[in-house]
Amino acid sequence: MEKYVIRGGVPLQGEVTVSGSKNATVAIIPATVLVKGTCIIENVPDINDVALLFNILTRMGAEVRSLDRTTVSIDCTQVRDCCVEDCEAVRKMRASYYLIGALLGRFGNAKVGLPGGCDFGVRPIDQHIKGFEALGAEISIEHGIVNASSDGLREASIYFDVVSVGATINVMLAAVGVPGKTVIENAAKEPHIVDVANFLNSMGADIKGAGTDVIRIRGGQELHGGRYEVIPDQIEAGTYMAAAAAVQGSDVLIKNVIPKHMESISAKLEEAGVTVVENDDSIQVRRDGPLNRINVKTLPYPGFPTDMQPQITTLLCLAEGTSIITEGVYDHRFRYAEELRRMGAKMDVDGKICVVEGISAFMGARVRACDLRAGVAMVIAGLAAEGITEVFDIEHIERGYENLVEKLQAIGGRISRVTEKKPVLEAGKIG
Ligand code: EPU
């Protein structure tokens, strides 16, 4: 059993470089299914979700090669089958659902297992289905498999009832393969949506409006290979900003960021009394005084990201006074409160609202990573805590953070990854 062991209270100082965006990469990899030719993708993070996708594509007949630590070459020319139904990796992650859109776009049919991913309560895919149906696919879900079939897709005008990152990207992928003009309204606007559109456009697609709430796709072109560099990870950058903000005396330069993507996070940290200096492609974060209480509400981009909610809530546990955090995207994203309470946090959760009363310090404890971002929030709490914190179930964290331990160690974090031996049963006590 692997765990992180953290000795807290040591200020973070130095430089950390952000990796490529997880949520862009996990959409761009499935998007290569639409391309006949070799895609060279740079700035790919070395994380478990990416490894799972490479595994799935290889099984589908793609040629996937690692060119250096962050560059891969993917050639899906030989992919012939639109079925990825019996693959365990598909059920282990959320982004595998992008294979439905990509296979539909390429073959007009797709058979893919239902996705997994972090557990925030029910995560429906009705908007994805609405979009695929508008494009002319017939969808059925049986025995955990999504079966999308058509005699050829047609252009459509689609209005999403909820703003969904996944549905926006998925329908965009399918529409790229459909001759004619498809319009997506009430689209999500996250930076990784723009990145996926830029990737597809650089391979010959014609997508306009990504990053606004109306996306127009002229589909049906044959996409060719090419080279593309993934944008830096907004949430990884925000996580290091929150970590620096959590430990008094910290001063960290976070490199390889797009400051524009960080605006909502920078603004909230500044409101909380943290010094944030934006440069062209880096951000300096300094914490040299007490934290102020603030209120935060998560919203789709350009609002404050839900994927930064556990990290900022953890930070606000250390602010003077009472902060209110409202989760505006998911129904159940405060499940980690129970873990933070083990470290002394005073949090009162009622559905999508969490009232936090500031404490002077966390106390080290044994805690679980309930999911990816909640898990990294435990790490932040551990870095700020008095004494030793042990974080278990770290596989959730390693799905999405590249070299977290090494990066934190490089800025002075006393954190290590340790293998805990399973308890040995004493003779005579078996069972
Ligand atoms: N929703 C529906 N119907 C749908 C799709 C979504 O009701 O068909 C609802 C969801 O239940 C949720 C809201 O709409 O309440 C937003 O969900 P969205 O579809 O935007 O989320 P997602 O595509 O499943 C991606 C990221 C998440 C991130 C969200 C929101 C990937 C692989 N995942 O999920 O990332 O929280 O967007 O920004 O891109 C993470 O990285 O830790 C993570 C969970």
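Conventions used here
- Residues numbered from 1 in each chain as written.
- Predicted model: local features only at pLDDT ≥ 70, side-chain atom pairs only at ≥ 80, totals over all residues.
- Heavy atoms only, no water.
- Helix = DSSP H or I, 4+ residues; strand = E, 2+ residues; numbered from the N terminus.
- Buried < 20%, exposed > 50% of the residue type's maximum accessible area, 1.4 Å probe, protein only.
- Contact = heavy atoms within 4.5 Å.
- Areas by Shrake-Rupley, 256 points an atom, 1.4 Å probe, with all protein chains shown as cover.
- Salt bridge = Lys/Arg side-chain N within 4 Å of Asp/Glu carboxyl O.
- Domains from an automatic or database assignment.
- Buried area = accessible area lost by both parts, 1.4 Å probe.
- Polar contact = N/O pair within 3.5 Å; in protein donor to acceptor, adjacent residues only side chain to side chain.
- Nonpolar A, V, L, I, M, F, W, Y, C, P; charged D, E, K, R; others polar.
- Axes fitted to C-alpha atoms, helices over the stretch in contact; angles between N-to-C directions.
- Parallel < 35°, antiparallel > 145°, perpendicular 65-115°, else oblique.
- Pairing = 2+ DSSP bridges.
- 1 Å grid on protein atoms, 1.4 Å probe; cavity = no way out; pocket = protein on both sides within 12 Å on 5 of 7 lines; lining within 4 Å.
- Points joined across faces, edges and corners; volume = space filled by probe spheres on them.
- Near = heavy atom within 4 Å.
- Sits in = over half its atoms within 2 Å of the grid points.

Undergrad: Tell me about the overall build of the protein, and please be specific about residues and values.
TA: In terms of regular secondary structure, the protein is built from 14 helices and 24 strands. Within the protein, the fraction of its 431 residues that count as buried is 56%. Taking as baseline every contact in the protein between residues at least 6 positions apart, the subset at least 24 positions apart corresponds to 73%. Surface accessibility of the protein: about 17200 Å² in total, with carbon and sulfur atoms responsible for 47%.

Undergrad: Which residues make up the pattern of salt bridges, and what values go with them?
TA: A complete count under the given rule lists 19 salt bridges for this structure. Residues lysine 130 and aspartate 161 are paired through a salt bridge, measuring 3.0 Å at the closest nitrogen-oxygen approach. Of this pair, lysine 130 sits in helix H5 (residues 126–134) while aspartate 161 is found in the loop between strand E10 (157–159) and helix H6 (165–176), placing the two residues 31 residues apart along the sequence. By relative accessible area, which is 51% here, aspartate 161 ends up exposed.

Undergrad: Account for the domain arrangement of the protein, naming residues and giving values.
TA: Segmentation of the protein into domains returns domain 1 (2–19 + 232–419) and domain 2 (22–229). Across the contact, 23 residues belong to domain 1 and 20 residues belong to domain 2. Taking both sides of the interface into account, the surface hidden between domain 1 and domain 2 amounts to around 1900 Å²; carbon and sulfur atoms contribute 50%. Across the pair arginine 69 and glutamate 402 runs a salt bridge, and its minimum N-O distance is 3.6 Å. The interface formed by domain 1 and domain 2 holds six residue pairs in polar contact (both at pLDDT 80 or more) in total. Considered class by class, the residues forming the side of domain 1 that touches domain 2 number seven nonpolar, six polar and ten charged.

Undergrad: Describe the packing of H6 against helix H7 (residues 191–202), with residues and values.
TA: Here H6 crosses H7 at 10°, and the two axes come no closer than 10 Å. In terms of axis orientation, H6 runs roughly parallel to H7. Counting all contacts with H6, which are made through Val165, Thr168, Ile169, Met172, Leu173 and Val176, the residues of H7 involved are His192, Ile193, Val196, Ala197 and Leu200. Across the contact of H6 with H7, the residue classes tally to nine nonpolar, two polar and no charged.

Undergrad: So what's going on with the pairing of strand E7 (residues 110–113)? Which residues, and what values?
TA: The pairing of strand E6 (residues 83–84) with E7 spans two bridges and is parallel. The residue bridging valine 84 from the neighbouring strand is valine 112, located in E7.

Undergrad: Can you tell me about the sheet that holds strand E23 (residues 388–392), naming the residues and giving the values?
TA: One open sheet accounts for four strands, arranged E22-E23-E1-E24; its pairing is mixed. Looking along the sheet, the strands with just one partner apiece sit at the ends: strand E22 (366–368) and strand E24 (414–419). Geometrically, the sheet is characterised by an average inter-axis angle of 25° between neighbouring strands, direction not taken into account. Relative to E23, E22 runs parallel, the two sharing three bridges. Following the sheet pairing, valine 367 is matched in E23 by valine 391. Each of strand E1 (2–7), E22, E23 and E24 is contacted by helix H12 (residues 372–384), which is oriented at about 30° to E1, the strand it contacts most.

Undergrad: Describe empty space enclosed by the protein, listing the residues and the values that go with them.
TA: Within this structure, the stated rule accounts for four cavities of 30 Å³ or more. Volume-wise, the largest cavity comes out at about 70 Å³. Considering the residues around the largest cavity, the lining is formed by Ser21, Asn23, Pro191, His192, Ile231, Pro232, Asp233, Gln234, Ile235, His261 and Arg373. Among the elements of the structure, H7 and helix H8 (234–246) are those that each provide at least two residues to the lining of the largest cavity. Looking at the lining of the largest cavity residue by residue, the class counts come to four nonpolar, five polar and two charged. Three or more residues apiece are contributed to the lining of the largest cavity by two domains, here domain 1 (2–19 + 232–419) and domain 2 (22–229).

Undergrad: Report on the site of the ligand, specifying residues and quantitative values.
TA: The environment of the ligand is formed by 23 residues, the closest being Tyr97, Gln127, Ser164, Asp307 and Val329. Glutamine 127 is positioned with one of its backbone polar atoms (N or O) 2.7 Å from an oxygen atom of the ligand. Here the ligand, which alone exposes 820 Å², has 90% of that area covered by the protein. Of the pockets mapped on this structure, the ligand occupies the largest pocket. Looking at the shell around the ligand, the elements with two or more residues in it are helix H1 (22–31), H5, H6 and H12.

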